[in-house]
Amino acid sequence: YRLIIPVYFEKKLVSWTGRTIGSGTLRYKDLSPDKSVIPLKESLFDFDSLHFRGGTRLYLVEGAFDCFPMHLHGKARTGITCSFTVNLSERQKYLLKLLSERFDEVVILPDPKFEIKAWELKNELSYLKNVYVQILPKHVEDPGTLTKQEVRDLVRASVKK
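Peer 1: Tell me about the nonpolar core, residues and numbers included.
Peer 2: Generally speaking, soluble globular proteins have nonpolar side chains that are buried together. Core analysis: the largest hydrophobic core is formed by 45 residues, its most contacted members being Tyr59, Met70, Leu96, Leu109 and Leu146. Among residues more than four places away in sequence, those in contact with Tyr59 are Met70, Thr78, Gly79, Ile80, Thr81, Val107, Leu109, Gln134, Leu154 and Val155.

Spelled out as structure tokens, the structure:
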């Protein structure tokens, strides 16, 4: 029993990730890199749609399930993507650069345990002038657990430069 999330690039299925529903020994399972058209950790979730539409603010989170609350409750011009990892590849950085040209702000929204990594990534992306870091409220352990009101508050808040 898994929920499968397909990953597309240029309207082609390039990989997928899945998560066990209920209890299981293997919580996440991805298509192996050698079977992927583009390996999962070389992709950004929902790239085609985000690049096509652009918007005011794009959030970058770690996992696909972290995207759901923001996708459901964010404003119309707010986008959400994930890198499927905390360490972005060069290809992912390039894709993020392309998205940064379509959004006013790109906001890294890390899990609390990866806040330092988020600031390091912001420094690595210093050539992009519209990348910021936003920290989750103290009681929230993961972007995937945000409530409707917490999403609305995050989207309304200013981000740290």
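Let us keep going from here.
Peer 1: Residues and numbers for the sheet that holds strand β5 (residues 78–82), please.
Peer 2: The strand order β5-β4-β6-β7 describes an open sheet built from 4 strands, whose pairing is parallel. Lying at the two open borders of the sheet, with one neighbouring strand each, are β5 and β7 (131–133). Taking the axes of each pair of neighbouring strands and ignoring which way they run, one obtains an average angle of 25° across the sheet. Sheet topology places strand β4 (residues 55–61) next to strand β6 (residues 103–108); 5 bridges connect them, and they run parallel. Each residue of the ladder has a partner; that of Tyr59, found in β6, is Val107. Helix α3 (residues 90–100) rests against β4 and β6 of the sheet, and its axis sits at about 140° to β6.

Rules and cut-offs
- Residues numbered from 1 in each chain as written.
- Predicted model: local features only at pLDDT ≥ 70, side-chain atom pairs only at ≥ 80, totals over all residues.
- Heavy atoms only, no water.
- Core = buried A, V, L, I, M, F, W, Y, C linked by side-chain atoms within 4.5 Å.
- Buried < 20%, exposed > 50% of the residue type's maximum accessible area, 1.4 Å probe, protein only.
- Contact = heavy atoms within 4.5 Å.
- Pairing = 2+ DSSP bridges.
- Helix = DSSP H or I, 4+ residues; strand = E, 2+ residues; numbered from the N terminus.
- Axes fitted to C-alpha atoms, helices over the stretch in contact; angles between N-to-C directions.

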